[in-house]
Amino acid sequence: MNMLIRFLATSASALAVLLTLSAETDQTRNAPIGDGTGAVNPFVVARWIAPPPTPDPLVRWPLFRKEFAVHAQPRTATLRIVGLGDYDPRLNGQRLADTGINQPWSQYEDTIYFRDFDVTRQIRIGTNCVGVMLANSFWHNPNPPLGRYNKDGPQRTVAEPLLLCAEIVLQFPDGTVRRVGTDESWRCAPGPIVFSHIYAGEDFDARQHPDGWDDVGFDDSGWHRARANKAPGAALIRQQWPPFRAHERFTPESIKEPSPGVYLYSFRQNCSAQLRVELTGGKPGDRITFKCGEHKNDRDRLFGGYVVGCEFVTDGREQSHQWISFYLGMQFVEVTGAVPPDAPNPMNLPVIRSMELVHVRTALPETGSFVSSSDLLNRTHRLIDWAMRANTSHVLTDCPHREKLGWLECAYLLAPSFQYRYDCRDWFDKILRDIRDAQEPSGRVLTVAPSYPAGRFPGPFNWTVEWGAASVLLPRHQYEWTGDLRVLRENFDMMRRFVDYIQTEAKDGLAPAGLGDWYDYGHGQPPGPSRFTPTQLSATATWALCARTVSHAAEALGLPDDARRYRELHARIAKDFQRHYRDPATGKLKHLGSPQCANAMALCADLVPSADRATLVADIIADLEKRGWQQTPGDVGHVYFIRALAEAGRSDVLHRVYSRDGLGSYGGILKKGLTALPETWDAMMDGYQSLNHCMLGHAIEWFYAYVAGIRQQPGTVGWKNIVIGPNPGPLDHAEASLITPAGRVVSLWRIQDGEFRLETEIPGGVDATAILPSGQTQSLKPGRNIITEPRKR
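Owing to the predicted nature of the structure, the values given are computational and were not obtained by experimental measurement.

Okay, the overall build of the protein chain next. A count of helices and strands for the protein chain gives 17 helices and 33 strands. Taking 28 Å as the expected radius of gyration for a compact globule of 793 residues, we find that the protein chain reaches 29 Å, a close match to that expectation. Taking the principal axes of the C-alpha coordinates as reference, the protein chain spans close to 95 × 70 × 55 Å. The 793 residues of the protein chain split such that 61% are buried. The long-range fraction of contacts in the protein chain, counting pairs at least 24 apart against all pairs at least 6 apart in sequence, stands at 74%.

Structural data, given as structure tokens:
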């Protein structure tokens, strides 16, 4: 600052230069970038700006640009940005992100996330240019025009559909800091995205793409000045979890012409993807329609309720294009208005030189791997994993096409499955903040968070105990996995308030009925709310799990009164549960045709006398055997079915269940040719049921925890007490590795020549025990261990 004062005192011309810079909200300050906690505004000089108003809520002015001068090479340079609904940032003609899917979905009234981009390498001495392309997202999600796909329910509209706040922070070697922020001096103009909708797709008109708009020297004299706008009232928080990135790319396996002028491109993998095409030929104004989906009929035409059509208008030049801020779960693309390279082209239409599906998702690092001697289990692992990848978005979505919403039951029921495969710590923290933000003052947590459709979904689709329980059981899983008490401290109030709210709605000791064990199977009726298990039973069992979890959390936090209170509540729930559902003569539970879900949930929630546990396990197995080892639990009950049998030492039964390849099994799904886990056990291909849904994928947890045998000692946290307890079943070998918070753990076992051989890798500072198939136990030391015992088939 002293250098600046001397400079101003000795140079009138320099003063004029700096006055010009100040009009551009360039400022030099000795100030840190900020911690982004939301306690203070993380933007120092930037103002919120918007484009000039336009009457159409889906066609906006999505390009902003600003040139600025840099007179010395900065030590670091950071672009801090919020772009609502979504944004694609550029600097000096270079794209800064893989996609234009960068603004996290959130409970926008409470929390808006900003992101920091390291742009040190892109900044150059002299003139620079920052550009931002905006598009729509959940921030502003009105109904699209008739004829385009829409998910009824999560509509959200705002007065300002597009807002931008951005600040480039330049830190120089001498310690000075300079900032270039958004204000009215930024220029804006209509861009090439002429339609943008989170569900209905994205249309792009290449004729409206101004070449070089995001680089130095572009003539923006015909552009408009940005309009200053009021800042949203939410807390501004830095994004800590990994961003959206591009991953695998898939090329078509086949191209067919099912009808004249209609071409179907079929891809190997159903995935969350952006469409990328390279085009040549044609003339300016030619319109190409790409209909995208995952259901095709036997005539090779797309069908169903959620086919999405996107349009590309050519400018007559060779060009490549990839969707900017839209993605879709899909496997097939139906094209009209263009032709493949070798097709007849009497109308001189544009030619598609190449087409790719670019898989996009939140880039959670992979931490676990599993492989076994069973090709079926290996392919099942891949099937489920692709559905997990496709639904790893700004939230854990239930499907990447039809809804893209954070339905909450998956967040906790699948938490261990995700944690065995990916580093979810920061991502789950974000999801937990979404739930805290969405919790109602009463303590109720609805089925979806962020809660855009609050009150717009009917009945139990808006509020069901088994969905809202994520507010209690996801913090539990996050704490158990990480051992971080911060998780409980941040979420304890939410947890106890949810449990207390259920008590206000309970009738005669039972929690309110909702969707129950959604999409259970084997009853011969259409999928939907639970058929085999009373919905109040599963809701009450979930309430009991939540009460017990809050009690344990209170103990961990040193709150003995709360611990006692919720322990006593769990005991009362158990007493009422038994009064309503337990047959005192047999110890069995009431059900509506299959006991698998009811028994499993009661066992996992500790709702029955200890003397009944063996009876309930035997009842599950008897029902399985009667059904040819067909599991019946659905979305909610399946993970408890796995845990109840595995914890009872009956993984041999689970081997039977998951080695099936008939209808209603993982193997049956694979036999139908699907490449991602579908929504239904029998893989209904009716055009409505999703073919990319992770909600039945709980077998991942069993593969790692019981087939390979890597799990924590019951009642411990943070992976400081580890069990390696494989359950070989009919397999010859299996291997899994896992990067835990305590370090890398490996279990590799093989049966050969009458011998079971277990090889393990244990990190330092961990107590570890091997439990061999014979039941023998042995302590494991840090590093590599090898244990053998006789094994007969």
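Glancing now at the sheet that holds strand β32 (residues 777-780). Pairing between sheet strands relies on hydrogen bonds along the backbone, with the strands arranged either parallel or antiparallel. Taken in spatial order, the four strands line up as β26-β27-β31-β32 in an open sheet, and their pairing is mixed. Whereas interior strands pair on both sides, the edge strands pair on one side only; in this sheet they are β26 (710-712) and β32. Taken pair by pair, the neighbouring strands of this sheet meet at an average axis angle of 30°, ignoring direction. Summarising the sheet, β26 and strand β27 (residues 721-724) pair through three bridges and their orientation is antiparallel. Residue R711 lies in a different strand from β27, and its bridge partner there is V723.

With respect to the helices, strands and loops of the structure, K66 is situated in strand β3 (residues 63-70). A polar side-chain atom of K66 sits 3.0 Å from a polar atom in the side chain of S185.

Below, the discussion takes up the state of the cysteines. Across all of its chains, the model carries zero disulfides by this definition. No disulfide involves C165; its nearest neighbouring cysteine sulfur is the one of C188, lying 15 Å away. In this structure C165 comes out as buried when scored by relative accessible area, which is 1%.

By the element assignment, D429 lies in helix α6 (residues 425-438). Looking at D429, its side chain comes within polar contact range of the side chain of Q478, at 3.0 Å. Apart from the residues lying within four places of it in its own chain, the contact partners of D429 are Q478, R486 and V487.

Inspection of the sheet shows β27 paired to strand β31 (residues 767-771) by four bridges, in the parallel sense. Bridged to V723 within β31 is T769.

Membership of the largest hydrophobic core comes to 217 residues, with the highest contact counts inside it found for F290, V333, M355, F418, I435, Y640 and F641. Among the elements that line this core, the one with the most residues is helix α10 (residues 535-556), at eleven residues. Residues A97, V132, I168 and C188 belong to the second largest nonpolar core, which totals 27 residues.

Now for helix α12 (residues 596-604). A turn of α-helix holds 3.6 residues, and therefore any two residues three or four places apart point the same way. Where burial is concerned, most of α12 is hidden: nine out of the nine residues are buried. Those residues of α12 lying buried are Q596, C597, A598, N599, A600, M601, A602, L603 and C604. Positive backbone phi, approximately 55°, marks D606, located one or two places after α12.

Let us look at the sheet that holds strand β29 (residues 743-752). Pairing within the open sheet is antiparallel, and its five strands lie in the order β25-β28-β29-β30-β33. Every other strand in the sheet has two partners, leaving β25 (368-372) and β33 (783-790) as the edge strands with one partner each. Ignoring which end each strand starts from, the neighbouring axes of this sheet average 10° apart. Most of the contacts of helix α17 (residues 699-707) go to β25, to which it runs at about 80°, and overall it touches β25, β28 (733-740) and β29.

Between helix α8 (residues 470-482) and α10, the least distance of the axes is 9 Å, while the angle of their chain directions is 45°. In this view, α8 runs oblique relative to α10, as classed from their interaxial angle. Read as a crossing pair, α8 and α10 show a hand that is left-handed. Contact with α8, carried on its side by V472, L473, R476 and Y479, involves L545, C546, T549, V550 and A556 of α10 and no other residues of that element. The class makeup of the residues in the contact of α8 with α10 is seven nonpolar, one polar and one charged.

What follows concerns helix α3 (residues 375-390). Here α3 spans 23 Å end to end across 16 residues, near enough to the 22 Å set by a 1.5 Å rise per residue. Extensive coverage of α3 is indicated by the burial of twelve of its 16 residues. Taken residue by residue, α3 has L376, L377, T380, H381, L383, I384, D385, W386, A387, M388, R389 and A390 as its buried positions.

Among the secondary structure elements, V307 is positioned in the loop between β20 (287-293) and β21 (308-313). For V307 and G293, which are 14 residues apart along the polypeptide, the C-alpha to C-alpha distance reads 5.0 Å. Contact partners of V307, with chain neighbours within four places excluded, come to Y149, K291, C292 and L302.

A residue-level look at the protein chain finds 94% of positions with pLDDT of 70 or above and a mean pLDDT of 93. Note on residues 1-39: pLDDT under 50 across the span, and 59 contacts to partners over four residues away in sequence or across chains.

Turning our attention to the pattern of salt bridges. All chains considered together, the criterion is met by 58 salt bridges. Across the pair E334 and R301 runs a salt bridge whose closest N-O atoms are separated by 3.0 Å. Here E334 is found in strand β23 (residues 328-336), whereas its partner R301 is found in the loop between β20 and β21, with 33 residues between them in sequence. According to the relative accessible area criterion, E334 is buried, its value standing at 5%. Since its relative accessible area comes to 26%, R301 is described here as partly exposed. Close ionic contact of R579 with D576 constitutes a salt bridge, the shortest N to O distance being 2.9 Å. Residue R579 and its partner D576 are both found in helix α11 (residues 560-581); the two are separated by three residues, about one turn of the helix. Judged by relative accessible area, which is 19%, D576 ranks as buried. A network of salt bridges, in which partner residues are shared, links E248, E366, D385, R389 and R421.

Cut-offs and rules
- Residues numbered from 1 in each chain as written.
- Predicted model: local features only at pLDDT ≥ 70, side-chain atom pairs only at ≥ 80, totals over all residues.
- Heavy atoms only, no water.
- Helix = DSSP H or I, 4+ residues; strand = E, 2+ residues; numbered from the N terminus.
- Rg over C-alpha atoms; globule rule 2.2 N^0.38 Å.
- Buried < 20%, exposed > 50% of the residue type's maximum accessible area, 1.4 Å probe, protein only.
- Contact = heavy atoms within 4.5 Å.
- Pairing = 2+ DSSP bridges.
- Axes fitted to C-alpha atoms, helices over the stretch in contact; angles between N-to-C directions.
- Polar contact = N/O pair within 3.5 Å; in protein donor to acceptor, adjacent residues only side chain to side chain.
- Disulfide = S-S within 2.5 Å.
- Core = buried A, V, L, I, M, F, W, Y, C linked by side-chain atoms within 4.5 Å.
- Parallel < 35°, antiparallel > 145°, perpendicular 65-115°, else oblique.
- Left-handed = near helix turned anticlockwise from the far one by under 90°.
- Nonpolar A, V, L, I, M, F, W, Y, C, P; charged D, E, K, R; others polar.
- Expected span 1.5 Å × (residues − 1).
- pLDDT = per-residue confidence, 0-100.
- Salt bridge = Lys/Arg side-chain N within 4 Å of Asp/Glu carboxyl O.

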